[in-house]
Amino acid sequence: DMIALGIQLPDISTRVSEYIPEIVSYIETLISKGAAYESNGSVYFSVADFEKAGHKYGKLVPEQIGNEKLLAEGEGALTNATEKRAPSDFVLWKKTKDHSEDNIVEPSWTSPWGQGRPGWHIECSVMSNAALKKYGGDTVDIHAGGVDLKFPHHENEIAQSEAFSGSHQWVNYWLHTGHLNIKGLKMSKSLKNFITIREALVHHTSRQIRFCMLLHKYNSPMDYGDNTMSQAVNIEKIFSEYFHNTKALLRRLGDVAATVQHVGPAEDALQQKLEEAKTNVRACLLDDFDTPRAVSVLTELIRECNKYVETGTATPISAATDLGPLPENGLSSVVLSSVARYITSILSTFGLVPSGSDIGFPLMESGAAGEGAADGFSKEVLLTPFLDVLTAFRQEVRLAAMSGDTKAVLSIADKLRDDILPTLGVRMEDKGSGKDVITVWKLDDIETMRKERLQKEAARLEKEKQKEEMARLAAEREARAAISPEQMFLSQTDLYSAFDEQGIPTVDKAGEPLSKGVIKKLAKEHAKQKEVHEKFLAKTAAPA
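Residues numbered from 1 in each chain as written. Predicted model: local features only at pLDDT ≥ 70, side-chain atom pairs only at ≥ 80, totals over all residues. Heavy atoms only, no water.

Chemist: Please explain the sheet that holds strand E9 (residues 222–224) as it appears in this structure.
Modeler: By definition, the strands of a sheet pair up through backbone hydrogen bonds, in either a parallel or an antiparallel sense. As summarised here, the arrangement of the three strands in space is E8-E7-E9, forming an open sheet in which the pairing is mixed. For this open sheet the edge positions go to strand E8 (185–186) and E9, each flanked by a neighbour on one side alone. Note that strand E7 (residues 180–182) and E8 share two bridges and pair antiparallel. Bridge pairing links Asn181 to Lys186 in E8. (Pairing = 2+ DSSP bridges. Helix = DSSP H or I, 4+ residues; strand = E, 2+ residues; numbered from the N terminus.)

Chemist: How should the domain arrangement of the protein chain be read in this particular structure?
Modeler: Interface extent is often summarised as the accessible area lost during association of the parts. By domain assignment, the protein chain separates into domain 1 (3–177), domain 2 (219–361), domain 3 (385–444) and domain 4 (483–543). In this structure, domain 1 and domain 4 have C-alpha centres spaced 75 Å apart. (Domains from an automatic or database assignment.)

Chemist: Help me understand the pattern of salt bridges in this model?
Modeler: A side chain with one charge can pair with a side chain of the opposite charge if their charged atoms come near. The final tally for this structure, using the stated rule, is 31 salt bridges. Residues Asp287 and Arg293 are paired through a salt bridge, measuring 3.2 Å at the closest nitrogen-oxygen approach. The partner of Glu429 in a salt bridge is Lys442, with the nearest N and O atoms 2.8 Å apart. Taken together, the residues Glu429 in strand E10 (residues 426–431) and Lys442 in strand E11 (residues 438–443) connect sequence positions 13 residues apart. Per residue, the accessibility class of Glu429 equals that of Lys442, and both read buried. In the salt-bridge network here, residues are joined through shared partners; they are Glu241, Glu429, Lys431 and Lys442. (Salt bridge = Lys/Arg side-chain N within 4 Å of Asp/Glu carboxyl O. Buried < 20%, exposed > 50% of the residue type's maximum accessible area, 1.4 Å probe, protein only.)

Chemist: So what exactly am I meant to see when it comes to the packing of helix H1 (residues 20–32) against helix H5 (residues 150–165) here?
Modeler: The description of two packed helices rests on the angle between their axes and on the distance between the axes. In the contact formed by H1 and H5, the axes pass within 9 Å of each other and the chain directions differ by 70°. What the angle tells us is that H1 and H5 run roughly perpendicular. Note on element contacts: H5 touches H1 through Gln160, Ser161, Ala163 and Phe164, opposite Tyr26, Thr29 and Leu30. Residues that form the contact of H1 with H5 fall into these classes: four nonpolar, three polar and no charged. (Axes fitted to C-alpha atoms, helices over the stretch in contact; angles between N-to-C directions. Parallel < 35°, antiparallel > 145°, perpendicular 65-115°, else oblique. Contact = heavy atoms within 4.5 Å. Nonpolar A, V, L, I, M, F, W, Y, C, P; charged D, E, K, R; others polar.)

Chemist: How do you make sense of the sheet that holds strand E3 (residues 90–95) when you look at a structure like this?
Modeler: The four strands lie next to each other as E1-E2-E3-E4, forming an open sheet whose pairing is antiparallel. Either end of the sheet is taken by a strand with one partner, and the two such strands are strand E1 (36–39) and strand E4 (116–118). Each adjacent strand pair in this sheet contributes to an overall mean axis angle of 20°, direction not counted. Here three bridges tie strand E2 (residues 42–45) to E3, and the two strands are oriented antiparallel to one another. Pairing of Tyr44 across the sheet is with Val91, part of E3. Its contacts with the sheet place H1 against E1, E2, E3 and E4, and it is angled at close to 125° to E3. Relative to E3, H5 is tilted by about 85°, and along the sheet it contacts E2 and E3.

Chemist: Got a minute to help me understand the pairing of strand E5 (residues 140–146) in this structure?
Modeler: Consecutive side chains along a regular strand alternate between the two faces of the sheet. Pairing between E5 and strand E6 (residues 171–177): six bridges, direction parallel. For His143, the partnering residue across the bridge sits in E6 and is Trp174. Taken together, E5, H5 and E6 constitute a β-α-β crossover, and its handedness is right-handed. (Right-handed = clockwise from strand over helix to strand, strands pointing away.)

Chemist: I tried to follow unusual backbone geometry on my own but got confused; where do I start?
Modeler: In terms of backbone geometry, most residues other than glycine have negative phi values and most peptide bonds are trans. Here the residue pair Phe151 and Pro152 is connected by a cis peptide bond, since its omega of 5° sits within 30 degrees of zero. Even without a glycine there, the phi angle at Phe289 is positive, about 55°. Residue position: Phe289 is located in the loop between helix H9 (265–286) and helix H10 (291–310). Note on Phe289: relative accessible area 43%, which makes it partly exposed.

The structure is reproduced here in structure tokens:
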């Protein structure tokens, strides 16, 4: 699943069951330093003795010290209040319970204090020490985790580690991530409101999911759902379209040597915007990894680049007279490339683009020929699907042309653009209208295009469903409006048994007269129906 999301594998992966000897040794050291004590076969950390040694307990959220509810959640079934010297003490090693009567198999290991298992907090301190000690001694530079782990878990990790090493700062920087919510509630198995990574990847690409995360500050709660993913899809489309258009434009401009590269006021302005974007993106990332603002800076740079393109033209060198003035609105492919390469480099930093990519999102190996094609593919393997499409297209066009059916030719061309080429990872877009249309092609990931078509089809079906529902409601209103006010209650014999001259009920089914309040309410409904029915009659009346 991590690979499917494009997440790099860790350098070291730790499992508690593989570090039991280190955990036992670590606890023995804490006991020898007076920071822990054995009680009835279990071992507890002494917060009071830790502070007597000159350390500070509760650095992250001091206001939560003594919070019995959080302490209970942090210890769970491991806690035995009668064994602890103080309520704030926490378990390092828990004695195995007697399960001779309930036949429960509890994981346990041998220790100097008898059979038992590690406490929750000690596992992290020990495995961090074992994995990272060769990189920085007794200090961890960056420690991440969910915001709900600040107390007691991370506080207890700090206490254990500082007591073990004798240092007074175990971690330099804490990165606490916000909760991932579903419809406003924390995602959890107990609430059954979770979605698996594989389920998420059915509806969206890994890049779209990563965009969704980048559009939210890491330490803020994030609501996963249609709205947030729609925002991510739209942002991805902005970048994707920008890269497609830039590549298409650079192809039209041709080689650098064949186009005007004069740096005029427009190029100066765009280069200035590029330098400002570089400064601002760096400032955003230095400001506690503010990725939402960094993405916003990049999209603003794209808008500036698009403005530059809209006001310029692709001008070959031959268009300029010898030694004469250069065209004022010629586009510089070098400046365009500089902007595109910078945006690509930042997206690569964000894990959205593989390293080594020059401009834009590369195609997967399963995509179309050309970009992203696997090394060693033969020309026949790469070209066959395209030649098959081209051959079938030519045959259809010939038959339609021989029949003089111009409309069919246009329909075949649209079918090629909309239905056939997307299955090969090719976008074909018409720019302009009428005889001035310019058609450009763009390569894209096949799976991305497939999901786009599915999303469009789902939106179309939803729109049709809403249209049908509106038509059904309108038909129901029309049918109700066709009923005269005198007739509207007469069919309700299961409720009423007598009516006045206007058809308003006066007696219920049991023969009891209706109260004045009920009759007044029914009279209002009768008056409303009369108004609706009169409008209906006026609308359906034959013209004079």
